[in-house]
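# What the coordinates show
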Amino acid sequence: MTVRTAGLAGLGLSDPMFWTRPLAERDAAFAHLRSLPAPVRFPEIDVPFIKGGDGYWALVRHADVVEASRRPEVFSSEPTTNSIADMPGYLARFFGSMINMDDPRHAKIRRIVSRAFTPRMLARLDDRIDETARGIVDGVLRGEGTGDFVTDVAARLPLKIICDMMGIPEADREMVLERSNVILGIGDPEYGVGSQISPVSVGLALTRLLDAGMELQLLIRRLGRERRRRPGDDLVTALVHGNVDGERLTDQELGSFFILLVVAGNETTRNAISHALKLLTVHEDQRALLLADPAARMPGAIEEVVRYATPVIQFRRTLARDTVLNGHPLREGEKVLLFYNSANRDEAVFADPDRFDITRSPNPHVGFGGPGPHFCLGANLARREIGVMLRELYTRVPSVRSTAPPDRLLSGFINGVKHLPYEV
Ligand code: HEM
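Residues numbered from 1 in each chain as written. Predicted model: local features only at pLDDT ≥ 70, side-chain atom pairs only at ≥ 80, totals over all residues. Heavy atoms only, no water.

Looking up the protein in an unreviewed UniProt entry gives the name Cytochrome P450, with the organism given as Actinocorallia libanotica.

Put into C-alpha cells, the structure is as follows:
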C-alpha cells in the first residue's frame, strides 16, 4: 500500500531516499501518518542476499508505541528488533543479544548484566565521566583536534566509558569505534551500502558487517578468558564470574552483549551529544536559558534533546498472535515498526511538539524506548554522559557553536550525525 502525499510517494518509509530528505520534510510526512485513522502498511524491499518479507505496519502515534512496548507477550522482540528483514542465521549469531529476545531468556540475561547499571555502580563511574569530559574540553581549549565536533568531542566520552567499564585495552579501542561505525552505518555510503543497492555493494557491506561482528566477538572472548584466569575490576570480570540463580553468560552471550553495548551505548549517546550542540546553536533562546542556570536546567535539556533528536528512530516487533491495536486488527506473524521519532512529536501528547523547549514539563518522550522489559538499560548512564559533557562544554567554552548543518548518516534506524563542523 502506498500513501499519496508529497513526502511519501512510492515506497514511502521503505525508500532509502526518504531518509535523505530534509528533517522538516521527514517530520511533516510523519505528522501526516499520525493524522490518518489507522496505521499504514509499507512494503519491504528485496535486497540482494536478504529476502524482504511481506511489509510492516508503521506505528507512529505515542499511544501505539507505548502499548506495543508494554505488551511484549503479543509484540515480540524475536526474531529481531533491529532489522526489518529477518536476519540470516550467520548474522543473528553475532547480533542475537537480549534486545532480540523475549522473556524468560531476556530476563535471565538482563538480570545478570543489569548489576553494572545500578545507581551505586554508576556513581562509581562519576569521577571517570567528569575527568574524561574535562580532558576532552582541555583539548578543545588547547586548539587540538580536527574541527569536527563528532570526532573531537561527541564520540570520545561514550566510547571511553564503555571501554573502561568492560576493561578493553587502550590498543583495541580505535578498532572498537571503527567496527561499531560499520555495524550502525550499514546503509550509509561512508560505511556500508548507501542508496545504490546492487549485489556487489550489498555483498561487500555484508562482508564488512560480518567481519566487524566477528572482530568484536573475538576481542571480548579473549578478554573473557583472561578475566576467568585473572579477575580485574571491570564488567567483563563481573559477567564471567558472577551468576544469578546459578546462571552465567555463555561465551556467545558475552560476545553478543558486548556488541549490543558498543552499538546501543556508544553511537546513540554520541549522536545525542552532537544533536545537542546543533540544537543549542540554532535555538539561541534555549542556549541562553541553559547558560543562565546550567545546574537547574540541564536535566530538562537532556530529556528535550533526546525527545527532539530521537537518536534511535525505530525498533521492530513481530506479532506473536492476532490482536487489536487502537481498533485496528493485526495478525500473527506481521511486523510493526515502533517509530519513536514520530511518537516524540505526537501533538496528542506534546504541546507545540516541533518546538525545542528545554523547560518542557512533563516530557514523557519514548527516546529510550517505551515502558516495558526492554526499556533502555543505559538510559541513566546516557543521561549522565550527555549532562556532564554539556556542562563542561558550556561552562568552560560558552561560545562553542556548530558552524554548518550536520552531515547526516543515511539510515532509517539511527538519527546519526557523521560530521559536525564547530568553532569555539
Ligand atoms: C541517548 C542515548 C540512548 C538512546 C537514545 C537509547 C535508546 C534505546 C532504545 C529506544 C531502546 C529500546 C529497545 C526496545 O524497546 O526494543 C534501548 C535499549 C537498550 N539500550 Fe539504549 N539508548 C541510549 C543509550 C544507551 C547506553 C549508554 C547504553 C549502555 C551503555 C544502552 C544500552 C541499551 C541496552 C543494553 C538496551 C536493551 C535492553 C533490553 O533489551 O532489555 N543504551 N536503548
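Before going further, it helps to spend a moment on the site of the ligand. Close to the ligand lie 27 residues, the nearest being H106, R110, R317, H374 and C376. P373 has a polar backbone atom sitting 3.5 Å from an oxygen atom of the ligand. Within the contact set of the ligand, an oxygen atom lies 2.7 Å away from a side-chain nitrogen or oxygen of H374. Residue assignment for the shell around the ligand shows that the elements contributing at least two residues are α4 (105-114), α11 (251-282), β4 (314-319) and α15 (379-396). When residues in the shell around the ligand are grouped by element, the largest group, 7 residues, is from α11. Per-class residue counts for the shell around the ligand are 17 nonpolar, 8 polar and 2 charged. (Near = heavy atom within 4 Å. Polar contact = N/O pair within 3.5 Å; in protein donor to acceptor, adjacent residues only side chain to side chain. Helix = DSSP H or I, 4+ residues; strand = E, 2+ residues; numbered from the N terminus. Nonpolar A, V, L, I, M, F, W, Y, C, P; charged D, E, K, R; others polar.)

Across the sheet, 5 strands lie side by side as β1-β2-β7-β4-β3; this open sheet has mixed pairing. Across the chains shown, the open sheet's two edge strands, defined by having one partner strand only, are β1 (40-42) and β3 (75-76). Direction of pairing for β4 relative to strand β7 (residues 335-339): antiparallel, over a ladder of 5 bridges. Counterpart to F315 in the pairing with β7 is L338. Contacting β2 (56-59), β3 and β7, helix α2 (residues 62-70) runs over the sheet at an angle of about 120 degrees to β7. (Pairing = 2+ DSSP bridges. Contact = heavy atoms within 4.5 Å. Axes fitted to C-alpha atoms, helices over the stretch in contact; angles between N-to-C directions.)

With that settled, the discussion passes to the side chain of S97. Within the secondary structure layout, S97 lies in the loop between α3 (89-95) and α4. Setting aside chain neighbours within four positions, we find S97 in contact with S256, F257 and L260.

Looking now at the layout of surface pockets. Its volume calculated, the largest pocket comes out at about 360 Å³. L23, D27, Y308, R345 and N415 are the residues nearest the centre of the largest pocket, which is lined by 22 residues in total. Mapped onto the lining of the largest pocket, the elements with two or more residues apiece are α1 (23-35), α11, α13 (294-309) and α14 (340-343). Looking at which element gives the most residues to the lining of the largest pocket, the answer is α1, with 7 residues. (1 Å grid on protein atoms, 1.4 Å probe; cavity = no way out; pocket = protein on both sides within 12 Å on 5 of 7 lines; lining within 4 Å. Points joined across faces, edges and corners; volume = space filled by probe spheres on them.)

Here we come to the packing of α11 against α15. Two elements in contact, α11 and α15, have axes whose closest approach is 10 Å; the angle formed by their N-to-C orientations is 40 degrees. It follows from the interaxial angle that α11 and α15 lie oblique. Between α11 and α15 lies a crossing of right-handed hand. Between α11 and α15, the contacting residues are T269, A272, I273, A276, L277 and L280 on the first element and A382, E385, I386, M389, L390 and Y394 on the second. (Parallel < 35°, antiparallel > 145°, perpendicular 65-115°, else oblique. Left-handed = near helix turned anticlockwise from the far one by under 90°.)

Further remarks concern unusual backbone geometry. That bond from E78 to P79 is cis: its omega, 0 degrees, falls within 30 degrees of zero. By secondary structure assignment, the location of P79 is in the loop between β3 and α3. Non-glycine residue T310 carries a positive phi angle of around 40 degrees. Mapped onto the fold, T310 is located in the loop between α13 and β4.

Mapped onto the elements, H365 comes out in the loop between α14 and α15. Residue H365 is classed as buried on the basis of its relative accessible area, which comes to 11%. At 2.7 Å, the side chain of H365 forms a polar contact with the side chain of E303. Polar contacts involving the side chain of H365 include one to the main-chain amide nitrogen of G367, which spans 2.9 Å. Look past the residues within four positions of H365 in its chain and what remains in contact with it is E303, V306, R307, N344 and F350. (Buried < 20%, exposed > 50% of the residue type's maximum accessible area, 1.4 Å probe, protein only.)

Burial of β4 is extensive: 6 of the 6 residues sit out of reach of the surface. Of the two faces of β4, both are covered, the one formed by Q314, R316 and T318 as well as the one formed by F315, R317 and L319. The pairing of β3 with β4 spans 2 bridges and is antiparallel. Bridge assignment links F75 to a residue of β4, and that residue is L319.

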